[in-house]
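So you can see what is in the structure, the chains are spelled out below.
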Amino acid sequence: MAKHQITPMENMSFILTTCFLLSIVFLSTTNAEFTKNTYIIQMENSAKPEVFSSHLDWYSSKVKSVLSKSVEAEIDNNDEERIIYSYSTAFHGMAAKLSAEEAKKLESEDGVVAIFPDTKYELHTTRSPYFLGLEPIQANNKSWSEKLVSHDVVVGVLDTGIWPESESFNDAGMTPVPSHWKGACETGRGFQKHHCNKKIVGARIFYHGYEAATGKIDEQADYKSPRDQDGHGTHTAATVAGSPVHGANLLGYAYGTARGMAPGARIAAYKVCWTGGCFSSDILSAVDTAVADGVNVLSISLGGGVSSYYRDSLSVASFGAMEKGVFISCSAGNSGPEPVSLTNVSPWITTVGASTMDRDFPADVSLGNGRKVTGTSLYKGRAMLSVQKQYPLVYMGGNSTSPDPRSLCLEGTLDRKLVAGKIVICDRGISPRVQKGQVVKNAGGVGMILTNTEANGEELVADCHLVPAIAVGEKEGKAIKQYVLTNKKPTATLAFLNTRLGIKPSPIVAAFSSRGPNLLTLEILKPDIVAPGVNILAAWSGVTGPSSLQTDHRRVKFNILSGTSMSCPHVSGIAAMIKAKHPEWSPAAIKSAIMTTAYVHDNTIKPLRDASSAEFSTPYDHGAGHINPRKALEPGLVYDIQPQDYFEFLCKQRLSPSELGIFAKHSNKTCKHTLANVGDLNYPAISVVFPEKTTGSASTIHRTVTNVGPAVSKYRVIVSPFKGAEVKVEPDTLKFTRKYQKLSYKISFKVTTRQSEPEFGGLVWKDGVHKVRSPIVITYLPPM
């Protein structure tokens, strides 16, 4: 075969193509080099040269000094404002749009303490007040917590905004806004000045970081104002401090009086979450602004991953808020029951897990073989299945252990010919639970049985489905599938039984609630506490259906949600109540009161259980236990911690001077080495870690308690026995002669028989009235 000769024209074409490809490579490299992302830059506040009239001028100068000077950079919108936020209260510095190269240059500049890349965070009641002992049994009586003076306490809620028309935010009978409040009511689409009142005292939005990462907000699809499109923020705000609303319900379910934990407290809404998520630069600005505004409590039902204390911008900002006397409550996350799945683990943050209440929404599946299975549902629609009739039942999965997209009822996986007119079994996982029902409905199915997998165990979460649907536990789910796979014509029907109270046992730790231990510091036990977070009824947005699906055109005033996002505001509200009664208490004292009065037994007087396994839960699941508001108001003793003590804790974290400087902020804050070890932080929980050694290992930790009860009191200690270690408390009696007196004690641990698993127990100080309990965890590290 003759060789093909390259003509001059082909040669020119080749040269042009090569040049074109090289230009693409060059442009892509250039674009990558000059692509700008948002960075949070912490600055040393006291390092500002006097030549600058303000910190912002200084920040601008710093940013300009590192800007790329290339032609491409000049072309790339030379007039663009690089600084999107300036922080000045809980955190000092700015958020700016920079290329990676510019950020690297800035990091080495004088006065720059640290640089954090902007990160994305995700969003993680009629019965709970009564369940927590806040409501009277007689319907006409005012609850004692409503009578408690909490009108000067402001809770800042960082979330998706607020729906101001909700009856939960009615300010009737409230006193004028407290004089210490310096916040603002920002306006925008659907939100005007009159939407703030004596209940909603402030409303602000934070979106510059979000827009820098995702582009401009579509103002037709989302409110670029404090108004809540999503519903999540309205729900959490109402749970914290909603005014009482009689006759609240969701489509008839959970009927009763809905009210927040601290109905006399004020709400300041800080909208940091949008349709595409929440960004740390916006969250940081909200924390900084909220502290300057004068909030007393911050309720933050969101989280990202876990990173070192000094790399976590929310942790750093929360440290600054704590220094200003603000109590911070954060959700633990919804990644349980996997161990080490927590977020928000800093010791100055109160980390909240989720538990159930004694209320349920039962629904029955009646199979064609006569067997009846009880599950749960919040379905209330026109399409009700007749309980007198059996419907064909189908499961698209098989006996195989490998996942099948059809068994998960994912979009586009169900064949109409196979499911039309039938009840479809769908496994939990990958897609939202309510969305699976929509897929079944679109394929012509008449109902759904939602079955738990091993990851969810027997935990049942009720949903407001768009098709008749019932959720069942893993064991019952397996039995139903076995019935379908072994019968030629399997059938079933579904019945919905409304609301049931007095469920036993309860509370139970929710399977989805994120678990410890806290691998950043094993000596700091996390989560701190659990609170109601399953099937919580609270106020809702007026533009979103109860299922949150776009196809859901129902509109409700209240909705039932589950998650640690729901448990977090319960604790925030209780903290507001404590702050109202004890305005002089520090955030650590309030946290101690909540933790040391928590209970660890359910309403059958047995230890708390874990919904994922039905076994007894541990402090890695429930922390100090379940919140007990009445007791928390009068704890007897508290473990107080000052900002310098937390800094001393950080001094024990093997941080470099520059990493420590992130928390020091002011040059006069230095390590004084007052802690012998990390475990000596005056934390209300006790966790001791034994490295790999033979028996005979010993450890001693110290604690100091402050008397906040009767001036003259005498406490005796009780400590639970352990298999692997001897525990001794000295002294074993504490005698107080005045209020606010501090007394110290030490706890000595000596290993006798190393255990393969952590051991759990407790230490209790009792004076005949108060029980001040600290959980104890002993960890025996395995050989490396």
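Just above sits the structure.
Residues numbered from 1 in each chain as written. Predicted model: local features only at pLDDT ≥ 70, side-chain atom pairs only at ≥ 80, totals over all residues. Heavy atoms only, no water.

Caption draft 1: Broad picture of the overall build of the protein. A tally of regular secondary structure across the protein gives 19 helices and 39 strands. When the accessible surface of the protein is split by element, carbon and sulfur atoms take 54% of a total near 32,600 Å². (Helix = DSSP H or I, 4+ residues; strand = E, 2+ residues; numbered from the N terminus. Areas by Shrake-Rupley, 256 points an atom, 1.4 Å probe, with all protein chains shown as cover.)

Caption draft 2: Spatial organisation of the packing of helix α14 (residues 564–581) against helix α15 (residues 587–596). Relative orientation of the contacting elements α14 and α15 amounts to 115°, with a least axis distance of 10 Å. Viewed along their axes, α14 and α15 form a crossing whose handedness is right-handed. Residue-level contacts link Val571, Ala575, Ile578 and Lys579 of α14 to Ile590, Ala593 and Ile594 of α15. (Axes fitted to C-alpha atoms, helices over the stretch in contact; angles between N-to-C directions. Left-handed = near helix turned anticlockwise from the far one by under 90°. Contact = heavy atoms within 4.5 Å.)

Caption draft 3: Representation of the state of the cysteines in the model. Summed over the entire model, instances satisfying the criterion amount to four disulfides. The side chain of Cys273 participates in a disulfide bridge whose partner is Cys278; the two sulfur atoms lie 2.1 Å from each other. The disulfide joining Cys273 to Cys278 has a torsion of about 105° about its S-S bond and is therefore right-handed. The two residues Cys273 and Cys278 agree in class, both being buried. (Disulfide = S-S within 2.5 Å. Buried < 20%, exposed > 50% of the residue type's maximum accessible area, 1.4 Å probe, protein only.)

Caption draft 4: Quick look at the packing of helix α8 (residues 232–241) against α14. Running from N to C, α8 and α14 point in directions that differ by 35°, and their axes come no closer than 7 Å. In this structure, α8 meets α14 at a crossing whose hand is right-handed. Across from His232, His235, Thr236, Thr239 and Val240 in α8, the residues of α14 making contact are Ser565, Met566, Pro569, His570, Ser572 and Gly573. Taken together, the residues of the contact of α8 with α14 sort by class into three nonpolar, eight polar and no charged. (Nonpolar A, V, L, I, M, F, W, Y, C, P; charged D, E, K, R; others polar.)

Caption draft 5: Local environment of the side chain of Asp621. Tracing the backbone shows Asp621 in helix α16 (residues 619–622). In this structure Asp621 comes out as buried when scored by relative accessible area, which is 9%. At 3.0 Å, the side chain of Asp621 forms a polar contact with the side chain of Arg515. Here Asp621 is in contact with Val509, Arg515, Pro527, Val530 and Asp610, once residues within four sequence places are set aside. (Polar contact = N/O pair within 3.5 Å; in protein donor to acceptor, adjacent residues only side chain to side chain.)

Caption draft 6: Highlighting the pattern of salt bridges. Within the structure shown, the criterion is met by 24 salt bridges. Here Lys557 makes a salt bridge to Glu167, at a shortest N to O gap of 3.8 Å. Pair noted here: Lys557 is in the loop between β28 (536–539) and β29 (558–561) and Glu167 is in the loop between β6 (154–159) and β7 (200–205), with a separation of 390 residues, a long-range link. Ionic pairing is found between Arg204 and Glu186, a salt bridge with its closest N-O pair at 3.2 Å. Placement of the pair is Arg204 in strand β7 and Glu186 in the loop between β6 and β7, with a sequence separation of 18 residues. (Salt bridge = Lys/Arg side-chain N within 4 Å of Asp/Glu carboxyl O.)

Caption draft 7: Fine view of the pairing of β7. Burial analysis of β7 places six of its six residues in the buried class, which makes it a mostly covered element. Relative to strand β10 (residues 266–271), β7 runs parallel, the two being bridged by five bridges. Of the residues in β10, the one forming a bridge with Ile205 is Lys271. (Pairing = 2+ DSSP bridges.)

Caption draft 8: Molecular detail of the nonpolar core. With 153 residues, the main nonpolar core has Val287, Leu298, Trp348, Val365, Leu393, Leu650 and Phe663 as its most contacted residues. Residue contacts for Trp348: discarding those within four places in its chain leaves Tyr309, Ser315, Ser318, Phe319, Met322, Ile328, Lys591, Tyr646, Phe649, Leu650 and Phe663. (Core = buried A, V, L, I, M, F, W, Y, C linked by side-chain atoms within 4.5 Å.)

Caption draft 9: View of the environment of Gln482. Locating Gln482 in the fold gives a position in helix α13 (residues 474–485). A residue is classified by how much of its surface remains accessible, and Gln482, at 43% relative accessible area, is partly exposed. Sequence-wise, Gln482 and Gly398 are 84 residues apart; in three dimensions their C-alpha atoms are separated by 9.4 Å.

Caption draft 10: Spotlight on helix α12 (residues 433–442). Residues of α12 that are buried: Val434, Lys436, Gly437, Gln438, Val439 and Val440. The secondary structure elements touched by the buried residues of α12 are β21 (423–427) and β22 (447–451). Positive backbone phi, at 95°, marks Gly444, one or two positions downstream of α12.

Caption draft 11: Representation of the packing of aromatic side chains within the structure. The final tally for this structure, using the stated rule, is 20 aromatic pairs. Ring geometry for Tyr85 versus Tyr87: centroids 6.0 Å apart, planes at 25°, classification stacked. Between the aromatic rings of Tyr745 and Trp765, the centroid separation amounts to 5.0 Å while the plane-to-plane angle is 65°, which identifies the pairing as edge-to-face. Of the two residues, Tyr745 is situated in strand β37 (residues 742–751) and Trp765 in strand β38 (residues 759–766); the sequence distance between them amounts to 20 residues. There is no split in this pair, since Tyr745 and Trp765 are both buried. Here a set of aromatic residues connected by ring pairs shows up, and it is made of Tyr309, Phe319, Trp348, Tyr646, Phe649 and Phe663. In this arrangement the basic side chain of Arg227 is found over the ring face of Trp163, its NZ or CZ atom lying 4.4 Å from the centre. Its guanidinium or amino end placed over the ring of Tyr223, Arg227 lies 6.0 Å from that ring's centre, counting from NZ or CZ. (Phe/Tyr/Trp six-rings, centres within 6.5 Å; stacked < 30°, edge-to-face > 60°. Lys NZ or Arg CZ within 6 Å of the ring centre and 35° of its normal.)

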